[in-house]
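Geometric and topological summary
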Amino acid sequence: MTLSRRELARLLGRSAAVWAAWWAHGCTSIGWRDAPSVSAQQAVDERLDRTLADPATRESSKALGRAYLESYGGSRDELRREIAWAMDRVATRTKPSDDLFRRAVHADFAEGEMVETSGWLLSHTEARFSALVALAE
Amino acid sequence: MFIDGRSVPEGHLVDTDICIIGTGPAGITLGLEFADLPFNVCLLESGDFEPRPEISELNKGPTTGRHGEALDCRERCFGGTSNHWTGWCRPLDAIDFDQRSWVPHSGWPFAKDHLEPYYSRAHEVLGIGPPRFDAEFWKHPEGAQPLPLSPDLVRTEVYQIEARRFGPVYRQRFERASNLSVYLHSSVVELHGRPDSTRVFDVTAKTLEGNSFRVRAPFFILAAGGIENPRLLLVSRSRTNVGLGNEHDIVGRCFMEHPHVNDIGFWVAAQSSIDLSYYRPWDEQEFRAVMGMLVLGREVAIRERRLGFSATLYSRPDEGVRNPLSPSVQRSAADVEDLDTSGLDGSDVREYRCYCRTEQTPNLNSRILLTDDRDALGLPRARLHWELTEQDVLNIREGLRILGRALGEAGVGRLRMPADDLDAGWVGDIAGGCHHMGTTRMSMDPAWGVVDANCKVHGVGNLYVAGSSVFPTCGSANPTLTIVALAVRLADHIKERMR
Ligand SMILES: Cc1cc2nc3c(=O)[nH]c(=O)nc-3n(C[C@H](O)[C@H](O)[C@H](O)COP(=O)(O)OP(=O)(O)OC[C@H]3O[C@@H](n4cnc5c(N)ncnc54)[C@H](O)[C@@H]3O)c2cc1C
């Protein structure tokens with residue numbers, strides 16, 4: 001399964017939209033005082049760019065992503081939703097100065113949101129990000 | 001006093017107040033507790049001061065089901081298997097004593113609190129430090145810290161390690177005690193009761209030279225280890241033809257081991273980012289060593305209906321640097337503030353290993369049986385049938401999953417789970433630790449237990465059992481500290497009855 005650049009953009013766009021809606025509906029309830037400096041779209045985009053730019057990173061991410069996709073039981077739409085949801089999660093858990101992934105990954109593990117991919121016990125966010133990398137090609 | 005059983009005249013009758021069968025940690029602890037009190041104690045020991053092949057041969061017997069090494073790992077000599085044990089000591093956890101709805105036949109007749117004072121006394125017998133096992137108490141001499149894992153999931157505790165050889169250490173004490181007589185080379189071959197009585201009257205001891213003698217006492221304590229305790233009950237048929245205490249066909253059943261799994265892969269971001277020194281033995285002045293251990297949190301065990309699980313992490317110096325995962329994952333792991341990631345260069349990923357020890361569910365099919373084949377003393381050999389159930393294997397995987405979750409949450413690393421398949425290689429590699437437990441289990445209900453809360457055999461007024469064979473469930477901690485604590489407790493009970 002691959003995603004065209006347009007589909008990917010749509011995916012990320014949707015992610016940003018959900019993020020924006022969420023932000024508008026009271027992110028202050030979890031106590032962040034500052035607005036995030038980057039949008040979800042930018043953040044995920046940046047990370048994706050970084051990952052794709054480095055051949056070693058890209059290849060290992062892709063391998064993991066493919067394994068995740070292979071074992072994924074749902075439909076293509078469900079998968080897209082899941083990835084979008086994961087990327088929202090990255091964004092919504094981010095303070096301006098934080099590494100996006102660290103927060104989201106930490107939250108995943110804290111909540112038991114894990115998946116076994118190629119034997120490794122990964123957080124859903126990191127597995128889905130790898131899936132995104134695999135799909136992005 | 002030590003007496004060589006081979007020099008006792010054929011047919012001789014020894015009259016004593018308490019007869020203890022076996023001088024491993026259980027039997028020796030009982031002897032120490034009775035030393036110099038105003039009654040006589042006779043201890044019957046199969047072996048000599050040192051192991052001898054012709055005596056060790058009495059331990060041999062076939063095994064079916066899992067690995068065959070289990071029966072050979074015991075020692076027959078004064079001091080028993082402590083003469084070659086590793087000395088890892090840790091008490092059972094409070095939850096191990098509870099009735100857990102997800103563990104069939106679980107629940108000790110008392111809570112851990114009740115055993116606490118006996119555990120304290122057991123520490124003296126074993127020569128270990130204060131009865132504390134928490135990481136707050138045990139500071140590493142070089143400041144190494146336990147891993148910053150969420151204690152709700154996995155907490156760090158310690159093992160105290162002192163491989164005390166009970167034989168050499170306590171030999172003099174037994175020599176000097178006014179009331180202790182240890183008969184060496186004296187293997188008990190039968191406990192005699194009568195169909196019209198609820199008592200054991202005497203036991204027959206035999207030597208490999210061919211002579212035999214009897215010991216008569218008001219109290220008998222079986223302390224011959226987790227295989228021989230049920231074997232002796234099963235061969236003793238003068239009272240009923242099913243064996244002593246076996247009216248409900250429970251003697252020998254529910255054999256448990258601690259399944260050990262080694263070499264589970266686990267990965268961290270960088271070699272320099274994780275210090276596992278707390279989980280390696282470090283020297284203590286008073287005794288040999290202390291070593292950190294990861295243990296499942298009580299809450300998560302209850303919530304997720306898990307059995308006992310403990311693990312250590314270690315690095316293998318021969319292993320090169322690996323990069324099994326996406327560096328994106330690697331970065332997220334390395335970003336955690338608490339860990340020193342200065343050595344991280346993006347590709348410097350090291351693989352560490354995990355070793356775990358778990359609890360088994362009591363299973364009626366795992367059991368000690370008698371064979372038609374007989375040993376040199378004419379006693380039917382024991383056969384061990386040990387099974388590992390699907391639940392046991394699942395418990396290992398799920399314990400690892402919880403550990404993996406804690407490692408991920410703390411940003412320490414990612415765990416590689418073993419295959420989710422009962423036929424997988426790692427399942428085949430699961431081994432026991434020579435911890436033989438459960439074969440004369442404790443229960444208030446005679447239908448489900450061989451001994452009662454005082455370790456007295458149900459339906460037999462004067463026969464007690466000491467050792468891990470009485471454990472109804474076994475937690476994940478090594479058994480000997482609990483064996484010794486229970487022996488101290490049993491000694492108090494008998495002293496009370498002697499008054
Ligand atoms: C290699 C190894 C490492 C271990 N490491 C640890 C550890 O680190 N921590 C831990 O807690 N446990 C450990 N154990 C287990 C530990 O050794 C046992 O739990 C402990 O020795 C049991 O004590 P016991 O007195 O019940 O039985 P035993 O030590 O087995 O003693 C039984 C005694 O009874 C005698 N006997 C048997 N049959 C008869 C008979 N018919 N008549 C007369 N005498 C008889 C035997 O000769 C023996 O002396 C280890 C075991 C092994 C083999």
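Residues numbered from 1 in each chain as written. Chains lettered and ligands numbered in written order. Predicted model: local features only at pLDDT ≥ 70, side-chain atom pairs only at ≥ 80, totals over all residues. Heavy atoms only, no water.

Now for the overall build of chain B. A count of helices and strands for chain B gives 11 helices and 21 strands. Considering only contacts in chain B between residues 6 or more positions apart, those separated by 24 or more positions represent 77%. For chain B, the exposed area adds up to about 18000 Å²; of that, 47% sits on carbon and sulfur atoms. (Helix = DSSP H or I, 4+ residues; strand = E, 2+ residues; numbered from the N terminus. Contact = heavy atoms within 4.5 Å. Areas by Shrake-Rupley, 256 points an atom, 1.4 Å probe, with all protein chains shown as cover.)

Below, the discussion takes up the sheet that holds strand β2 (residues 13–15) of chain B. Residues and elements named next belong to chain B. What the four strands build is an open sheet, ordered β2-β11-β10-β9; its pairing is mixed. Pairing within the sheet leaves two strands with one partner each, and these edge strands are β2 and β9 (187–193). Within this sheet the neighbouring strands show an average axis-to-axis angle of 25°, counted without direction. When strand β10 (residues 200–206) meets strand β11 (residues 212–216), the two strands line up antiparallel, connected through five bridges. From the neighbouring strand, K206 faces β11, where its bridge partner is S212. (Pairing = 2+ DSSP bridges. Axes fitted to C-alpha atoms, helices over the stretch in contact; angles between N-to-C directions.)

The packing of two helices is summarised by the inter-axis angle and the distance between the axes. Residues and elements named next belong to chain B. Helix α5 (residues 166–176) packs onto helix α1 (residues 25–34) with a crossing angle of 25° between their chain directions and a minimal axis gap of 11 Å. Classified by the interaxial angle, the pair formed by α1 and α5 is roughly parallel. Handedness of the α1/α5 crossing: left-handed. Here α1 contributes P25, I28, T29, G31 and L32 to the contact with α5, which in turn contributes F166, G167, Y170, R173 and F174. (Parallel < 35°, antiparallel > 145°, perpendicular 65-115°, else oblique. Left-handed = near helix turned anticlockwise from the far one by under 90°.)

The next point concerns the site of the ligand. All names here are of chain B. Taken together, 36 residues lie near the ligand, and E45, T81, W88, V188 and T480 sit nearest. At 2.9 Å, a backbone N or O of A26 approaches an oxygen atom of the ligand. Taking 990 Å² as the accessible area of the ligand by itself, protein coverage stands at 92%. When contributions to the shell around the ligand are tallied by element, the ones reaching two or more residues are α1, β9, α6 (228–235) and α11 (480–498). Class assignment of the residues belonging to the shell around the ligand gives a composition of 15 nonpolar, 17 polar and four charged. (Near = heavy atom within 4 Å. Polar contact = N/O pair within 3.5 Å; in protein donor to acceptor, adjacent residues only side chain to side chain. Nonpolar A, V, L, I, M, F, W, Y, C, P; charged D, E, K, R; others polar.)

All names here are of chain B. In terms of domain boundaries, chain B breaks down into domain 1 (1–127 + 163–256 + 366–386 + 435–499) and domain 2 (131–161 + 258–365 + 389–429). In this assembly, 45 residues from domain 1 lie in contact with 37 residues from domain 2. When the buried area of domain 1 at its contact with domain 2 is split by residue, W88, R90 and W102 rank highest and sum to 23% of it. At the surface where domain 1 touches domain 2, the tally comes to four salt bridges. For D93, the salt bridge goes to R155, with nearest N and O atoms at 3.2 Å. Taken together, the connections running from domain 1 to domain 2 amount to 25 residue pairs in polar contact (both at pLDDT 80 or more). (Domains from an automatic or database assignment. Buried area = accessible area lost by both parts, 1.4 Å probe. Salt bridge = Lys/Arg side-chain N within 4 Å of Asp/Glu carboxyl O.)

Before going further, it helps to spend a moment on helix α4 (residues 112–126) of chain B. Residues and elements named next belong to chain B. At Y118, α4 shows its largest kink, close to 30°. Buried residues of α4: K112, L115, Y118, Y119, A122, H123, V125 and L126, and no others. Elements that come into contact with the buried residues of α4 comprise α1, β6 (88–89), α3 (94–97), β7 (154–161), α5 and α11. The positive-phi residue at the C-terminal boundary of α4 is G127, with phi of around 70°. (Bend = angle between axes of the 7 residues up to and from the residue. Buried < 20%, exposed > 50% of the residue type's maximum accessible area, 1.4 Å probe, protein only.)

All right, on to the state of the cysteines then. Residues and elements named next belong to chain B. This structure, assessed with the given rule, holds one disulfide over all chains. Across the disulfide from C73 sits C434; the S-S distance is 1.6 Å. Negative torsions about the S-S bond denote left-handed disulfides, and the value of about 75° found for C73 with C434 makes this one right-handed. Residue C73 is located in the loop between β5 (63–65) and β6, and its partner C434 is located in the loop between α10 (425–428) and β21 (463–465); the two are separated by 361 residues in the primary sequence. Looking at C73, the relative accessible area reads 17%, which means it is buried. With a relative accessible area of 26%, C434 lands in the partly exposed category. The closest cysteine sulfur to the non-disulfide-bonded C19 is located on C42, 4.8 Å from its own sulfur. Judged by relative accessible area, C19 falls into the buried class, the value being 0%. Cysteine C77 shares no disulfide, and the gap to the nearest cysteine sulfur, in C73, comes to 13 Å. (Disulfide = S-S within 2.5 Å.)

Residue and element names in this part refer to chain B. Tallied over the entire structure, the rule returns 33 salt bridges over all chains. With a closest N to O distance of 3.0 Å, D98 and R298 form a salt bridge. Of the two residues, D98 is situated in the loop between α3 and α4 and R298 in helix α7 (residues 298–303); the sequence distance between them amounts to 200 residues. A relative accessible area of 26% means that D98 is categorised as partly exposed. A salt bridge links E304 to R405; the shortest N-O distance between them is 3.9 Å. Linking E304 in the loop between α7 and β16 (309–315) with R405 in helix α9 (residues 390–409), this pair joins segments that are 101 residues apart in sequence.

Quick look at the nonpolar core now. With 154 residues, the main nonpolar core has F34, L44, L149, F174, I221, L400 and L403 of chain B as its most contacted residues. With 10 residues, the single largest contributor to this core is α11 of chain B. Of the residues that make up this core, three or more belong to each of domain 1 (1–127 + 163–256 + 366–386 + 435–499) and domain 2 (131–161 + 258–365 + 389–429) of chain B. Every residue in contact with L403 of chain B, bar those within four places of it in the chain, is listed here: L149, V154, L294, F309, A311, L313, C354 and L415 of chain B. By size, the runner-up hydrophobic cluster in this structure holds 19 residues, among which are L79, V115, L122 and V133 of chain A. (Core = buried A, V, L, I, M, F, W, Y, C linked by side-chain atoms within 4.5 Å.)

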